[in-house]
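Chain and residue survey
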Amino acid sequence: MIFDPITICNLELQNRFVRSATHEFMAEEDGTPTSRLGDLYEELAKNEVGLIITGYSYVLPGGQSDNLQQGIYDDRFIEPYRKITERVHRYRSKIVLQIVHGGRQADTSDEYPIPIAPSVIKNGHSSVVPREMTEPEILEMIEAFTRAAVRAKAANFDGVQLHCAHGFLLSNFISPYTNTRTDRWGGSVENRARIITEIVRRIKEETREDFPILVKMNATDGFSPNSSKAGLGLDAPDCVEIAKLLEKAGVCAIEVSGGIGEAGGVTIRTAINSPAKEAYFKNYSKMIKAAVHIPVILVGGIRSPYVMGCLLENGCADLISMSRVFISEPDFIPKLKSGKIKKARCVSCNLCFDPKGVRCNFEFD
Ligand SMILES: Cc1cc2nc3c(=O)[nH]c(=O)nc-3n(C[C@H](O)[C@H](O)[C@H](O)COP(=O)(O)O)c2cc1C
């Protein structure tokens, strides 16, 4: 089943494998994508990854949250991205640009000393206190995401993925912990999701309906039951309601993830060393999949074909998304297909966060 093709939106994918968005530390200082990114994505395409999702690309200069992160905030990025998509499209893979604003987790600098967020909730991880966005700023943010998607289309990406997870701006809005607004952008689930549904509506208007829009969303902020913030964050059943609203807005696939920075170690768990520890957001994706008709993509610690098969068969997901496995073994799919390996070799140590460029730094015997 994992090798079966599937159509999501209007995209015919050769199999069920997705390379989940992975910040590569390979752009120039100003966000310009480099040929190193082209090398990396071409390698994945050569190795039969059905859908490649790029590292997160910031839609406004103040929305950056890591070094050497790729940008999409200016038309000058269209041409270098076009070179990259052209290389991927020599193969059967599709490539989608993930677009983001860092929100309360954005980097601070002399130019952008205070991050923006839906509400003034101190970031317990960095101790930074963000500033509340005004209504005109929210409207301008919707336009910034829309312009980013229009650029992505001009660069021949097969779609965009809105990053609504991991504590960045759009996930700040859907979370009742980071969004305490009392206007039309906060409060009810519908209000908290409004910035996303408005972005979807505007992208559809500007790209004439046919450009695929995917979402990676937090199903949970991930505060543990023992934490002082237990119960304050996003969780079920709200995430299911949000998924339904996204489907209604015209989003064509939802990737289920979780965790925000200050919940600590929730998104990219370490020590996934048994099938029981794999697919750590599967209960959420199963709930969401039961409530929507669009394809559901699951990410988070998936390592073995046995687990992948169970996820597809048991209604937990339609597609299997992985980040660290493809860092460690870009040729994971052909190796699995040919029977050379029984599971991924990734030990989930997180040494792949390498500021010189993402790579597997674990020393195997
Ligand atoms: C080096 C690295 C960079 C990442 N960058 C992004 C990113 O840009 N956008 C995103 O949505 N998730 C990002 N993630 C999270 C992954 O997409 C994924 O959700 C997480 O690693 C769990 O999946 P895995 O167990 O298959 O690695 C990153 C993960 C790693 C290891």
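Please read these numbers as outputs of a predicted model, since none were measured by experiment. (Residues numbered from 1 in each chain as written. Predicted model: local features only at pLDDT ≥ 70, side-chain atom pairs only at ≥ 80, totals over all residues.)

1. Section: the overall build of the chain
When you go through the chain residue by residue, the secondary structure sums to ten helices and 14 strands. The globule rule puts the C-alpha radius of gyration for 365 residues at 21 Å, and the 19 Å found for the chain is close to it. Seen along its three principal axes, the alpha-carbon backbone of the chain occupies a region of about 55 × 45 × 40 Å. Looking at the chain as a whole, 51% of its 365 residues qualify as buried. Once local pairs closer than 6 in sequence are excluded, the contacts in the chain between residues at least 24 apart make up 71%. (Helix = DSSP H or I, 4+ residues; strand = E, 2+ residues; numbered from the N terminus. Rg over C-alpha atoms; globule rule 2.2 N^0.38 Å. Buried ≥ 20, exposed ≤ 12 C-beta atoms within 10 Å, placed from the backbone. Contact = placed C-beta atoms within 7 Å.)

2. Digging into the site of the ligand
Taken together, 25 residues lie near the ligand, and S20, A21, Y56, S323 and R324 sit nearest. Taken together, the residues of the shell around the ligand break down into eleven nonpolar, twelve polar and two charged. (Near = placed C-beta within 6 Å. Nonpolar A, V, L, I, M, F, W, Y, C, P; charged D, E, K, R; others polar.)

3. As for the environment of E86
With respect to the element layout, E86 can be found in helix 2 (residues 78-88). C-alpha separation for the pair E86 and G38, spaced 48 residues apart in sequence, amounts to 9.1 Å.

4. Section: helix 1 (residues 35-46)
Here helix 1 is twelve residues long and its end C-alpha atoms lie 16 Å apart, about the 16 Å a rise of 1.5 Å per residue gives. The complete set of buried residues in helix 1 reads L37, L40, Y41, E42, L44 and A45. Turning to helix 1, the residues buried within the fold contact strand 3 (17-19), strand 4 (51-53), strand 6 (70-71), helix 2, strand 7 (94-100) and helix 9 (324-328). (Expected span 1.5 Å × (residues − 1).)

5. Examining the packing of helix 5 (residues 189-207) against helix 6 (residues 238-249)
For the pair helix 5 and helix 6, the least separation of the axes is 10 Å and the interaxial angle reads 30 degrees. With respect to helix 6, the element helix 5 is oriented roughly parallel. Crossing of helix 5 against helix 6: the hand is right-handed. Here V189, E190, A193, I196, T197, V200 and R201 of helix 5 lie close against helix 6, whose contacting residues are D238, E241, I242, L245, L246 and A249. (Axes fitted to C-alpha atoms, helices over the stretch in contact; angles between N-to-C directions. Parallel < 35°, antiparallel > 145°, perpendicular 65-115°, else oblique. Left-handed = near helix turned anticlockwise from the far one by under 90°.)

6. Quick word on the nonpolar core
Note on soluble globular proteins: their nonpolar side chains tend to be buried together. In this structure, V59, I99, L162, I254, L298 and I320 are the most contacted members of the largest nonpolar core, which totals 97 residues. Among residues more than four places away in sequence, those in contact with L298 are V256, A279, F281, K282, S285, L311, C316, A317, I320 and S321. (Core = buried A, V, L, I, M, F, W, Y, C linked by C-beta atoms within 7 Å.)

7. Focus on the pairing of strand 14 (residues 319-322)
Neither face of strand 14 is open: one carries L319 and S321, the other I320 and M322, and all of them are buried. Relative to strand 14, strand 3 runs parallel, the two being bridged by three bridges. Counted as the bridge partner of R19 is M322 from strand 14. Across three bridges, the pairing between strand 13 (residues 296-299) and strand 14 is parallel. The residue bridging V299 from the neighbouring strand is S321, located in strand 14. In this fold, the crossover linking strand 13 to strand 14 by way of helix 8 (residues 305-313) has right-handed handedness. (Pairing = 2+ DSSP bridges. Right-handed = clockwise from strand over helix to strand, strands pointing away.)

8. Comments concerning the environment of P334
Here P334 shows up in helix 10 (residues 332-337). On the neighbour-count criterion, P334 (14 C-beta atoms within 10 Å) is partly exposed. Linking P334 and G124, residues 210 residues apart in sequence, is a C-alpha distance of 43 Å. Residues within four places of P334 in sequence aside, it is in contact with N47 and E48.

9. Structural notes on the packing of helix 3 (residues 135-154) against helix 5
In contact at an axis separation of 9 Å, helix 3 and helix 5 are set at 45 degrees when each is read in the N-to-C sense. In terms of orientation, helix 3 lies oblique with respect to helix 5. The two elements helix 3 and helix 5 cross, and the hand of that crossing is right-handed. Only I195, E198, I199, R202, I203, E206 and T207 of helix 5 make contact with helix 3, whose side of the interface consists of I138, M141, I142, F145, T146, A149, V150 and K153. Of the residues contributing to the contact of helix 3 with helix 5, the split by class is nine nonpolar, two polar and four charged.

10. Side note on the environment of R359
Inspection of the secondary structure assignment puts R359 in the segment after helix 10. As a C-alpha pair, R359 and E329 span 30 residues in sequence and 9.9 Å in three-dimensional space. Here R359 is in contact with I327, C352 and D354, once residues within four sequence places are set aside.

11. Remarks on the pairing of strand 13
Side chains V296 and L298 of strand 13 all project onto a buried face; the interleaved residues I297 and V299 project onto the opposite face, where all are buried too. As paired strands, strand 12 (residues 253-258) and strand 13 are joined by three bridges and run parallel to one another. Paired with I254 across the two strands is V296, which belongs to strand 13. In terms of handedness, the path from strand 12 via helix 7 (residues 282-291) over to strand 13 forms a crossover that is right-handed.

12. What to know about unusual backbone geometry
Glycine aside, a negative phi is what most residues show, and trans is what most peptide bonds show. The step from A236 to P237 runs through a cis peptide bond, and the omega angle for that step is 5 degrees. Summarising the element assignment, P237 is placed in the loop between strand 11 (213-220) and helix 6. One non-glycine residue, N156, lies in the positive phi region at around 70 degrees. Within the secondary structure, N156 is located in the loop between helix 3 and strand 10 (160-164). Backbone geometry at H166 places phi at a positive 65 degrees, although glycine is not the residue there.

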